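Fold and geometry: a report
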Amino acid sequence: MRKHNHGVFYRFRSVDALLGERKELENQEIYFCPPDQLNDPMEGYKDLFWRGDEIVWRNLLKHYLACLTQSLLTAFIMGKDYDARLARNFILTMPSTLPTEQVKGIHRRVCDTFFCIYKLADLPAMLASHTSALRREEVGFCLRAVHGIALKCVMKILREVGCLPDVNEPPTVPQITEEGVLKNLFKVLNGLKEHQVEYKPEMLAALFGASAHIHRQMDLIRYHGVTDDLSRAWHAIFYTFPEHYVDSLHDLVYFNWYAACFVTNPTHAAMWGHYGDGHQGVCLKFRAEEREGQPPVLKLHGVTGWHGGPNGGSQSYGDILLPFERITYTDKLPEVDFFRSIGRFPVPVLESQWYRDEQGNRSSCADDVLGNMSEWHQRYLASFKRLIFAKLRDWQHEDEYRLTLMSPLDSFSEAKDRKLKYRFSDLEGIIFGIRTPLAEKARIIDIVAAKCKAEGKKSFAFSQAIYSAHNGKIEIYPLDLIKFN
């Protein structure tokens, strides 16, 4: 592995990012991306598992019904414009935070109706009886099994209270044979309970993974067979809602985070090709502040919080010291215990909506979270850090470091607030790619020259990446002849 020149970090950028609409070079800005804008589709992936008592499982089902109610009402209003991804907008909604008293009342009636059907009142206890953790595939299997019944419950109550509008009526609701479906579900769960010692995690993953694979294919076939936009919109409610719900649950665990990526080796040909716009871009060289026994930091200027005022709240700005954290490459991403990692709600909501039942009984999961909040918070942050600084070993060649932004209040949700300004003195050099156009090089030099003049600097370290035929590698040569008058 290439030896790291301590305190020096490189950031590949396209010429368009530096000189185009963003004007990153002129503005001296570093843009922090949300995980879904990073190159690895597994960034931010949370390998959730579920292990809890009857109280938290019942509250999970009640939360599912709340999200379904919200989604169904929205689908009736939006009609053909409804998108399955909108279900994610409701994932932070709890029964107590539903938008109106009428909707809260509807949700209570939906829950009462749902848990009175067949043996659904026993489902939370059945799920809690498994000493082994349930994974995405198992939870998705259970929700798919009860989804049609839940959907009928919601629509029944909405009709009774007159909340179904006359427009955007859905196609025929799939017919559900409630007793037969639930008998099969409980048969599977009883079988897992009786043989859970024999079933290994990989066996369960294969079994329920195969079931999920079949359902995804069936969903695709159904969707492909639909010809009108309204039916396609309702397909998201009828068939794919359980999968979107389970995928959205990760939003309840950790708050949002954003990253700016750096490397320590500016000579990696693939990195130039992928992140340096096919060698047409540049590589920025930053000098970080060294700290004894701690990661080096870069001082940036940006949003530091919010403060109140006579005309409402406003953002406050200041300097932020962000540490360069090295990515850990692993064969398996970290696991997250869902019921003991719900960090997006205030403690009163967490206590009443997740860790208490209707009679006020407290879940045993609460002891691990609320028993000692200080210790839990330390474990929570450590787990969060492992998640955002972990990538699969396939990416090990990048040897990546990153700066991250995060806030429990999501102060950085707007893209403009994720553009942090660096000190020009910390930009130690710029390396041009093998194919960077001359015109763009000249524009970059002019911008840097103006900044050097403003700060009284007599020189700046420009370099050129060149392919070396004698060793088959990219080498960096200083452009010593470029001087400023």
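Residues numbered from 1 in each chain as written. Predicted model: local features only at pLDDT ≥ 70, side-chain atom pairs only at ≥ 80, totals over all residues. Heavy atoms only, no water.

**What about the overall build of the chain?**
Per the secondary structure count, the chain includes 15 helices and 17 strands. The long-range share in the chain, meaning contacts at least 24 apart out of those at least 6 apart in sequence, stands at 78%. (Helix = DSSP H or I, 4+ residues; strand = E, 2+ residues; numbered from the N terminus. Contact = heavy atoms within 4.5 Å.)

**Points about the pattern of salt bridges**
Where charged atoms from two side chains of opposite charge come close, those side chains can pair. Taken as a whole, this structure holds 32 salt bridges when the rule is applied. In this structure, Arg13 and Glu24 form a salt bridge, with 2.8 Å as the shortest nitrogen-oxygen distance. Taken as a pair, Arg13 in strand 1 (residues 8–13) and Glu24 in helix 2 (residues 24–27) lie far apart in primary sequence, 11 residues in all. Each member of the pair, Arg13 as well as Glu24, carries the same accessibility label: buried. (Salt bridge = Lys/Arg side-chain N within 4 Å of Asp/Glu carboxyl O. Buried < 20%, exposed > 50% of the residue type's maximum accessible area, 1.4 Å probe, protein only.)

**Thoughts on the packing of aromatic side chains**
What the rule picks out here adds up to 23 aromatic pairs. With a centroid separation of 4.9 Å and an interplanar angle of 65°, the aromatic rings of Phe76 and Trp234 are classed as edge-to-face. Of this pair, Phe76 sits in helix 3 (residues 54–78) while Trp234 is found in helix 9 (residues 229–238), placing the two residues 158 residues apart along the sequence. Trp234 carries the same exposure label as Phe76, and that label is buried. Measuring from centroid to centroid gives 5.4 Å for Phe338 and Phe339, while their planes differ by 70°, and the two rings are edge-to-face. On the accessibility criterion, Phe339 (0% relative accessible area) is buried. Among the aromatic residues, those joined into a cluster by ring pairs are Phe9, Phe262, Phe286, Phe324, Tyr401 and Tyr422. Just above the ring of Tyr31 sits the side chain of Arg22; from NZ or CZ to the centre is 5.3 Å. (Phe/Tyr/Trp six-rings, centres within 6.5 Å; stacked < 30°, edge-to-face > 60°. Lys NZ or Arg CZ within 6 Å of the ring centre and 35° of its normal.)

**Structural notes on empty space enclosed by the protein**
As enumerated under the stated definition, the model contains 4 cavities of 30 Å³ or more in all. What the largest cavity holds in volume is close to 60 Å³. Elements supplying a minimum of two residues to the lining of the largest cavity: helix 3, helix 5 (123–128) and helix 6 (136–160). Among the elements that take part in the lining of the largest cavity, helix 6 stands out by supplying 4 residues, more than any other. Grouping the amino acids of the lining of the largest cavity by side-chain chemistry returns 10 nonpolar, no polar and no charged. (1 Å grid on protein atoms, 1.4 Å probe; cavity = no way out; pocket = protein on both sides within 12 Å on 5 of 7 lines; lining within 4 Å. Points joined across faces, edges and corners; volume = space filled by probe spheres on them. Nonpolar A, V, L, I, M, F, W, Y, C, P; charged D, E, K, R; others polar.)

**Remarks on the environment of Leu72**
Residue position: Leu72 is located in helix 3. Residue Leu72 is classed as buried on the basis of its relative accessible area of 0%. The residues touching Leu72, leaving out its near neighbours within four places in the chain, are Leu151, Val154, Met155, Leu158, Trp234 and Ile237.

**Digging into unusual backbone geometry**
One non-glycine residue, Tyr118, lies in positive phi territory at about 45°. Its place among the elements puts Tyr118 in the loop between helix 4 (101–115) and helix 5.

**Side note on the nonpolar core**
In terms of nonpolar packing, the biggest core is built from 94 residues, with Trp50, Tyr245, Phe338 and Trp354 touching the most fellow members. Setting aside its immediate chain neighbours within four residues, Tyr245 contacts Leu60, His63, Tyr64, Cys67, Ile91 and Leu143. Among the nonpolar cores identified, the runner-up in size contains 37 residues, and Leu284, Tyr401, Phe412 and Phe484 belong to it. (Core = buried A, V, L, I, M, F, W, Y, C linked by side-chain atoms within 4.5 Å.)

**Regarding the side chain of Thr436**
Secondary-structure assignment places Thr436 in the loop between strand 15 (427–432) and helix 15 (438–455). Engagement of the side chain of Thr436 in a polar contact is seen with the backbone nitrogen of Gly433, the distance being 2.8 Å. (Polar contact = N/O pair within 3.5 Å; in protein donor to acceptor, adjacent residues only side chain to side chain.)

**Comments concerning the side chain of Ser341**
Inspection of the secondary structure assignment puts Ser341 in the loop between strand 11 (335–337) and helix 12 (347–353). Accessibility expressed as a relative area gives 9% for Ser341, which makes it buried. Those residues in contact with Ser341 that sit more than four places away from it in its chain are Leu252, Val253, Val336, Trp376 and Tyr380.

**Side note on the packing of helix 3 against helix 10 (residues 241–248)**
Where helix 3 meets helix 10, the closest approach of the two axes is 11 Å, and the angle between their N-to-C directions is 115°. Between helix 3 and helix 10 the crossing geometry is right-handed. Where helix 3 approaches helix 10, its residues Leu60, His63, Tyr64, Cys67, Leu68 and Ser71 are matched on the opposing element by Phe241, Pro242 and Tyr245. (Axes fitted to C-alpha atoms, helices over the stretch in contact; angles between N-to-C directions. Left-handed = near helix turned anticlockwise from the far one by under 90°.)

**Topic: the layout of surface pockets**
Counted as a void, the largest pocket has a volume near 980 Å³. Taken together, 40 residues line the largest pocket, and the ones lying closest to its centre are Gly44, Arg88, Asp247, Ser248 and His250. When contributions to the lining of the largest pocket are tallied by element, the ones reaching two or more residues are helix 6, helix 8 (201–224), helix 10 and strand 4 (257–263). The greatest single-element share of the lining of the largest pocket, amounting to 6 residues, is contributed by helix 10. Residues of the lining of the largest pocket, tallied by class, amount to 17 nonpolar, 9 polar and 14 charged.

**Observations concerning the packing of helix 6 against helix 10**
Closest axis-to-axis distance for the helix 6/helix 10 pair is 9 Å, and the angle between their directions is 140°. It follows that helix 6 is oblique to helix 10 by the angle criterion. For the crossing formed where helix 6 meets helix 10, the hand is right-handed. Along its contact with helix 6, which presents Arg136, Val139, Gly140, Leu143, Arg144 and His147, the element helix 10 presents Phe241, Pro242, Tyr245, Val246 and Asp247. The residue inventory of the contact of helix 6 with helix 10, partitioned by class, reads 6 nonpolar, 2 polar and 3 charged. (Parallel < 35°, antiparallel > 145°, perpendicular 65-115°, else oblique.)

**What about the pairing of strand 4?**
Of all 7 residues in strand 4, 6 are buried; the element is thus mostly enclosed. Pairing of strand 4 with strand 13 (residues 400–406), which is carried by 7 bridges, proceeds in the antiparallel orientation. Paired with Tyr258 across the strands is Leu405, a residue of strand 13. (Pairing = 2+ DSSP bridges.)

**As for helix 14 (residues 373–388)**
The end-to-end C-alpha separation of helix 14 is 22 Å, in line with the 22 Å expected for 16 residues at 1.5 Å each. All of the buried residues in helix 14 are Trp376, Tyr380, Ser383, Phe384, Leu387 and Ile388. The buried residues of helix 14 all sit within an arc of 125° when viewed along its axis, so they share a single face. (Expected span 1.5 Å × (residues − 1). Arc of directions from axis to C-beta.)

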